[in-house]
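# Architecture and fold: a report
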Amino acid sequence: MEFPLENKKLGENEGYDTIIKTDEFEEKRVGQQVDIPNPIVKIENLTLKYSGTPALIDINMEIPKNKATAFIGPSGCGKSTLIRCLNRLNELIDGVTIEGSIKISDMDIFDPKLDITELRKRVGMVFQKSNPFPKSIYDNVAYGPRIAGIKSHSVLDEIVERSLRSAALWDEVKERLNESAIGFSGGQQQRLCIARAIAVEPEALLMDEPCSALDPIATGKIEDLITELKQNYTIVIVTHNMQQASRVSDYTAFMYLGRLIEYDITEKIFLTPLKKQTEDYVSGKFG
């Protein structure tokens, strides 16, 4: 995987025929432009390399609690890499080195004493491709609570119903809880994965391109769901869809070549961006 660095002309396939100058990244207002109220995530000086090649470069940002934050930018800019840092999924890849710090609710996620399972319980993940277990609908949602030691049938019943209701799926499946989840449509499977993630009551829910494989109707349901879920959970979403980012997010971070270029209230990013790179991307001049 190649991540071009500054002072290098971008490939024609990226459609942005501009030299990126080092001094642009030295400007005072690069990165986070907004003071975040009630931040739940604090990222400081985060740099990540794959076998020595930078994928993230000196990321500094805060993510607010009970809001939706979108990461946007062209393919290969580091969006998914950054979101996977929040629950340490990148460490499953050989050759990864990470510098800097990430705190979630004042918990240092790189603390050697930290229980990774506990971290991933507190920071749930929904992937681009839905991945329901080859189990019943009920067992999919109950899986996490059972792993956490909950055995009471009545408690599990309550959790399953609450989670499916929260994922706007209960009315569609309440008579089919013992059926296999594999038979679901793509949109239903993705909502089931969301129900499975929130069954363990995470603090934050990460979504990596959750709608990219869905039709417009299913996408609309997921977007409506995000609006509902952020009342109780912190949502971080990676998306290539500018309209989606503008619809569902409160804050938007624009990334480019592994750097955080601009991060502000979504309306400002799309209507009055400070950086020309941001303006060119959200207006469709490249990407």
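Calculation notes
Residues numbered from 1 in each chain as written. Predicted model: local features only at pLDDT ≥ 70, side-chain atom pairs only at ≥ 80, totals over all residues. Heavy atoms only, no water. Salt bridge = Lys/Arg side-chain N within 4 Å of Asp/Glu carboxyl O. Helix = DSSP H or I, 4+ residues; strand = E, 2+ residues; numbered from the N terminus. Pairing = 2+ DSSP bridges. pLDDT = per-residue confidence, 0-100. Contact = heavy atoms within 4.5 Å.

Summed over the entire model, instances satisfying the criterion amount to 13 salt bridges. The shortest N-O distance in the salt bridge between R84 and D208 comes to 3.7 Å. Placement of R84 in helix α1 (residues 79–85) and of D208 in strand β8 (residues 204–208) is noted, with a sequence separation of 124 residues between them. A salt bridge links D171 to K174; its shortest N-O distance comes to 3.9 Å. Through salt bridges with shared partners, one network takes in K276, D280 and K285.

In this section: the pairing of strand β3 (residues 53–64). With eight bridges connecting them, strand β2 (residues 39–50) and β3 associate as antiparallel partners. Its bridge partner being in β3, K49 is matched across the sheet by P54. Here β2 folds back onto β3, and the loop between the two strands holds two residues, one of which, S51, carries a positive phi near 50°.

In this section: the confidence of the model for the protein. Summarising the model, the protein shows a mean pLDDT of 88, and 89% of its residues fall at 70 or more. The weakest mean pLDDT in the protein belongs to strand β1 (residues 31–32) at 84; the strongest belongs to strand β4 (residues 68–72) at 98. Per-residue pLDDT stays below 50 along residues 1–29; that stretch engages in 49 contacts with residues further than four places along the chain or on separate chains.

Okay, the sheet that holds β3 next. Strand order across the open sheet formed by four strands is β3-β2-β5-β6, with antiparallel pairing between neighbours. Of all strands in the sheet, those with a lone pairing partner are β3 and β6 (107–108), marking the two edges.

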